[in-house]
Amino acid sequence: MVSEPVVDLTDVVFAWPGQQAACLTLDRFRVAAGEHVFVSGASGSGKSTLLGLLAGVLVPGQGQLLLKGTALRDLSGAQRDRFRADHIGIIFQQLNLLPYLSVLDNVLLACKFSALRRRRSAQQGASPAAAAGMLLTRLDLPEPLWRRPAARLSVGQQQRVAAARALLGRPELVLADEPTSALDAGRQAAFMDLLQRECRAVGASLVFVSHDERLAARFGSRFAMPAAGAAEAA
């Protein structure tokens, strides 16, 4: 039996409020359970807009977008926020860690906003804190760093904290927006190894946006976005 896709997008058109011209037009974009998809495209092609739609931050003006069979367009803003917290882990380009919170507390934010993620974390450890510690250890962040404020970490360490936060509580979908852009080649490769390994460990689908074409070889699927705003599978 074939499981339903985690993401199923059909004939979606999105335009910013007050603008008539669409900034994003997609005929089809699908992500299967456990699939890792590399999304590439020129600046202005709509990569970040696509992630905003998948996260439920943006709502398509036309077309259908289903996440785990749920039409995000039919949900209220509060319901989309809840759905995102329960089912989606996000690694932002700017990481969005709270600098004054400790490493551990930053990771645990995923469970503070979602009772479902908190319950699922029991599959990863005896408690949310234990599960967070397990992920941090597997992502090569040793325990002496866990009580350190996030602002006192290197960029590479902060990216691993952001990855642990996204993965805590076994989300079905992880969205990553250029998370390796500030890393040199060696640290970039190490981070990608860790991220993809941990996504597989928790069974998460991964949509990874990057302008770095060298990373495409790491992915089983690729989605190319032309600068014109239409998108096609590659």
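Rules behind the numbers
- Residues numbered from 1 in each chain as written.
- Predicted model: local features only at pLDDT ≥ 70, side-chain atom pairs only at ≥ 80, totals over all residues.
- Heavy atoms only, no water.
- Salt bridge = Lys/Arg side-chain N within 4 Å of Asp/Glu carboxyl O.
- Helix = DSSP H or I, 4+ residues; strand = E, 2+ residues; numbered from the N terminus.
- Buried < 20%, exposed > 50% of the residue type's maximum accessible area, 1.4 Å probe, protein only.

A. Main features of the pattern of salt bridges. Scanning all chains against the criterion turns up 10 salt bridges. As a salt-bridge pair, aspartate 81 and arginine 84 come within 3.0 Å of each other at their nearest N and O atoms. A residue pair is termed a helical-turn pair when its members lie 3 or 4 positions apart in one helix, as aspartate 81 and arginine 84 do in helix α2 (residues 77–87) at 3 residues. We classify aspartate 81 as partly exposed; its relative accessible area is 43%. Since its relative accessible area comes to 16%, arginine 84 is described here as buried. Two residues, aspartate 212 and arginine 214, come together in a salt bridge whose shortest N-O distance is 2.8 Å. Residue aspartate 212 is classed as buried on the basis of its relative accessible area, which comes to 11%. Look at arginine 214 and you get exposed, because its relative accessible area is 62%. A single salt-bridge network, built from bridges that share partners, covers Asp8, Arg28 and Arg30.

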